[in-house]
Amino acid sequence: MAPTAAAEQQQQLPQARKALGLAAHDASGHLTPIRITRRNTGDDDVSIKVLYCGICHSDLHTIKNEWRNSIYPVVAGHEIAGVVTEVGKNVARFKAGDNVGVGCMVNTCRSCESCEEGSENYCSRVVFTYNSVDRDGTVTYGGYSEMVVVSERFVVQFPDGLPLDRGAPLLCAGVTVYVPMKQHGLSEPGKHVGVIGLGGLGHVAVKFAKAFGMKVTVISTSPEKRHEAVERLGADAFVVSTNASDMKSVMGTMHGIINTACASTSMYSYFALLKPKGKMILVGLPEKPLQVPAFALVGGGKTLAGSCMGSISDTQEMMDFAAKHGVAADVELVRADEVNTALERLAKGDVRYRFVIDIGNTLKSD
Ligand SMILES: NC(=O)C1=CN([C@@H]2O[C@H](COP(=O)(O)OP(=O)(O)OC[C@H]3O[C@@H](n4cnc5c(N)ncnc54)[C@H](OP(=O)(O)O)[C@@H]3O)[C@@H](O)[C@H]2O)C=CC1
Ligand SMILES: O=C/C=C/c1ccc(O)c(O)c1
Ligand SMILES: [Zn+2]
Ligand SMILES: [Zn+2]
């Protein structure tokens, strides 16, 4: 079935219920309340009352159509923490009352090589939590809404001890930085990792790196973040990317860099920070292409790699690790009616370090 318009989609779900959400209707970046339709709880489904939802920069890219793929109305949100209200008859892992999380994806083909090997985040038919066409032809709506209905296999348990508001951002930001650090040998004690961009992803990368026992240097465009990066987040060093002497002081010292920048920059000076054979892992998804001079990469035998989200088992592993090691996001909790101000502030880089919408207490119809 082809993607359907919102009104048509609502008529096509015979077993469905209404839920309140917050939607972008165009690229202005402004959200307004919307009534959306959620399917009834299927045999393999978990219905979840959303309590908290983080605001990822990908939400903003999509709300503003910066990736040129937005399907309006967009109900964003893929850092969803909530409580189970109902489960289908085949669901074994969850029951009503469980605290659970949903991240960036809600469906896959379940049969391709990536799905078979447990890398379903790289399924070519992955269905993202919002702004995606699901296998039944409906467009997905995310966690800026009262409730979600998700197939059991895309739901993770919220471990005891991890607060739901500060844990919600881990469901995207957390797993997105945790996985490449593990995969590329950047989780070994004593190694030196750089983190470009001290935002939602970046500040969690610093926390995971410290939990792994690594040396961490933040590479930032914002000198005013220096104090808190070192004193509160535990970074070992902080350099300003536009300050030549700062950059020179850490040149050739890093085994790897996790690049979380949400906007495009010249990569030349960043590659100089890597040791020979060092790895630059891109997770940021700027609207505009990156500039990568060949000499910056080839000379030192350096690697440029990308990484996208994480699998569901990666996500559960990361949540359990976070609970065990006391890793959680630093959040600014906002009311649903403050979401537009939060989006404006995120666009300016004015957030310490993740906005989380208090959906459970504040998303109400007038
Ligand atoms: N690969 C994946 O699976 C995922 C990708 N993403 C993408 O990662 C990116 C970051 O997301 P998120 O952390 O939520 O965003 P934030 O806005 O919270 O943080 C991004 C940070 O990038 C830095 N930055 C901003 N502009 C520039 C610039 N011109 N040059 C260098 N650095 C810059 C800033 O840090 P500072 O002030 O320290 O310079 C800013 O805080 C987004 O593009 C998002 O879409 C997000 C989740 C998953
Ligand atoms: O915030 C997470 C977004 C991940 C993402 C990765 C790739 C892609 O094409 C997207 O639309 C989103
Ligand atoms: Zn995200
Ligand atoms: Zn697949």
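Note that the coordinates shown come from a computational prediction; the quantities given were computed from them, not determined experimentally.

Concerning the confidence of the model for the protein
Link 1 in the chain: Averaged over every residue, the pLDDT of the protein is 95; residues scoring 70 or more account for 96%.
Link 2 in the chain: Our summary of model confidence lists the complex with pTM equal to 0.96 and ipTM equal to 0.97.

Thoughts on the site of ligand 2
Link 1 in the chain: Every residue near ligand 2 is listed here: Cys56, Ser58, Trp67, His78, Phe128, Cys172, Leu285 and Cys308.
Link 2 in the chain: Here Ser58 contributes a side-chain N or O atom positioned 2.5 Å from an oxygen atom of ligand 2.
Link 3 in the chain: Here an oxygen atom of ligand 2 sits 3.1 Å away from a polar atom, N or O, in the side chain of His78.
Link 4 in the chain: Contact with the protein chains covers 74% of the free accessible surface of ligand 2, which is 320 Å².
Link 5 in the chain: Partitioned by chemical class, the residues of the shell around ligand 2 number six nonpolar, two polar and no charged.

Some remarks on the coordination of the zinc ion (ligand 4)
Link 1 in the chain: Those protein atoms acting as donors to the zinc ion (ligand 4) are Cys109 (SG), Cys112 (SG), Cys115 (SG) and Cys123 (SG), and they sit at 2.3 to 2.4 Å.
Link 2 in the chain: Geometry at the zinc ion (ligand 4) is tetrahedral, judged from its four donor atoms and the angles of 105 to 118° they form at the metal.
Link 3 in the chain: Of note, the donors binding the zinc ion (ligand 4) are all from one chain and are spaced C-x2-C-x2-C-x7-C. Of the two residues examined, Cys115 and Cys123, each falls in the buried class.

Topic: the site of ligand 1
Link 1 in the chain: In the vicinity of ligand 1, 30 residues are found, and the nearest of them are Ser220, Thr221, Ser222, Lys225 and Arg354.
Link 2 in the chain: Within the side chain of Ser58, an N or O atom sits 2.7 Å from an oxygen atom of ligand 1.
Link 3 in the chain: Here a nitrogen atom of ligand 1 sits 2.9 Å away from a polar atom, N or O, in the main chain of Val283.
Link 4 in the chain: Coverage of ligand 1 by the protein chains reaches 91% of its 930 Å² of free accessible surface.
Link 5 in the chain: Only α2 (57-63) and α6 (200-212) provide two or more residues apiece to the shell around ligand 1.
Link 6 in the chain: Here the shell around ligand 1 is composed, by residue class, of 14 nonpolar, 14 polar and two charged.

Structural notes on the environment of Val334
Link 1 in the chain: In this fold, Val334 is placed in strand β16 (residues 331-334).
Link 2 in the chain: Setting aside anything within four residues of it in sequence, one finds Val334 in contact with Ala342, Phe355, Val356, Ile357 and Asp358.

Focus: the packing of aromatic side chains
Link 1 in the chain: Under the defined criterion, the tally for this structure stands at six aromatic pairs.
Link 2 in the chain: Seen from their ring centres, Phe208 and Phe321 are 5.9 Å apart, and the 45° between their planes marks the pair as tilted. Remark: Phe321 occurs in helix α11 (residues 312-325) and Phe208 occurs in helix α6; sequence separation between them is 113 residues.
Link 3 in the chain: For the pair Phe212 and Phe321, a centre-to-centre distance of 5.2 Å together with 45° between the ring planes defines the contact as tilted. One end of the pair, Phe212, is in helix α6; the other, Phe321, is in helix α11, and 109 residues separate them in sequence. Of the two residues examined, Phe212 and Phe321, each falls in the buried class.
Link 4 in the chain: Through pairs of rings, three or more aromatic residues link up here, namely Tyr178, Phe208, Phe212 and Phe321.

Topic: the coordination of the zinc ion (ligand 3)
Put simply, a metal with four donors set out as a tetrahedron has ideal angles of 109.5 degrees, and one with six donors set out as an octahedron has ideal angles of 90 or 180 degrees.
Link 1 in the chain: Looking at the zinc ion (ligand 3), the protein donor atoms are Cys56 (SG), His78 (NE2) and Cys172 (SG), and they sit 2.0 to 2.3 Å from it.
Link 2 in the chain: If you look at the zinc ion (ligand 3), its four donor atoms make angles of 97 to 126° with each other, and the shape they trace is tetrahedral.
Link 3 in the chain: Read in sequence order, the donor residues coordinating the zinc ion (ligand 3) give the pattern C-x21-H-x93-C. Remark: Cys172 occurs in the loop between α4 (164-167) and α5 (173-183) and Cys56 occurs in the loop between β3 (45-54) and α2; sequence separation between them is 116 residues. Pair check on accessibility: Cys56 and Cys172 agree, each one buried.

Here's the deal with the environment of Arg39
Link 1 in the chain: Mapped onto the elements of the fold, Arg39 is located in strand β2 (residues 31-39).
Link 2 in the chain: Arg39 sits 219 residues away from Ile258 along the chain, and the two C-alpha atoms are 38 Å apart.
Link 3 in the chain: Of the polar contacts made by the side chain of Arg39, one reaches the side chain of Asp45; its length is 2.9 Å.

Regarding the state of the cysteines
Link 1 in the chain: This model, assessed by the stated rule, comprises zero disulfides.
Link 2 in the chain: Cys56 supplies the cysteine sulfur nearest to Cys53, a cysteine that is in no disulfide, at a spacing of 9.7 Å.
Link 3 in the chain: By relative accessible area, which is 0% here, Cys53 ends up buried.

Quick notes on the nonpolar core
Link 1 in the chain: Ranked by size, the top nonpolar core spans 99 residues in total, and within it Ile55, Tyr144 and Phe208 carry the most contacts.
Link 2 in the chain: Considering each element in turn, this core owes the most residues, seven residues, to α6.
Link 3 in the chain: Apart from residues lying up to four places away in sequence, Ile55 is in contact with Glu79, Tyr144, Val339, Ala342, Leu343, Leu346, Arg354, Phe355 and Ile357.
Link 4 in the chain: Grouped together as the second largest cluster of nonpolar side chains are 16 residues, Ala261, Tyr270, Leu273 and Leu274 included.

A look at the packing of α5 against α11
Link 1 in the chain: Two elements in contact, α5 and α11, have axes whose closest approach is 10 Å; the angle formed by their N-to-C orientations is 95°. Taken together, α5 and α11 sit at an angle that is classed as roughly perpendicular. Contacts between α5 and α11 pair Gly174, Val175, Tyr178, Val179 and Lys182 from the former with Asp314, Thr315, Glu317, Met318 and Phe321 from the latter.
Link 2 in the chain: Looking at the contact of α5 with α11 residue by residue, the classes come out as five nonpolar, two polar and three charged.

Thresholds, definitions, all that
Residues numbered from 1 in each chain as written. Chains lettered and ligands numbered in written order. Predicted model: local features only at pLDDT ≥ 70, side-chain atom pairs only at ≥ 80, totals over all residues. Heavy atoms only, no water. pLDDT = per-residue confidence, 0-100. Near = heavy atom within 4 Å. Polar contact = N/O pair within 3.5 Å; in protein donor to acceptor, adjacent residues only side chain to side chain. Areas by Shrake-Rupley, 256 points an atom, 1.4 Å probe, with all protein chains shown as cover. Nonpolar A, V, L, I, M, F, W, Y, C, P; charged D, E, K, R; others polar. Donors = N, O, S within 2.8 Å, 3.2 Å for Na, K, Ca; no water. Tetrahedral: all angles 85-135°; square planar, octahedral: opposite > 155°, others 65-115°. Buried < 20%, exposed > 50% of the residue type's maximum accessible area, 1.4 Å probe, protein only. Helix = DSSP H or I, 4+ residues; strand = E, 2+ residues; numbered from the N terminus. Contact = heavy atoms within 4.5 Å. Phe/Tyr/Trp six-rings, centres within 6.5 Å; stacked < 30°, edge-to-face > 60°. Disulfide = S-S within 2.5 Å. Core = buried A, V, L, I, M, F, W, Y, C linked by side-chain atoms within 4.5 Å. Axes fitted to C-alpha atoms, helices over the stretch in contact; angles between N-to-C directions. Parallel < 35°, antiparallel > 145°, perpendicular 65-115°, else oblique.

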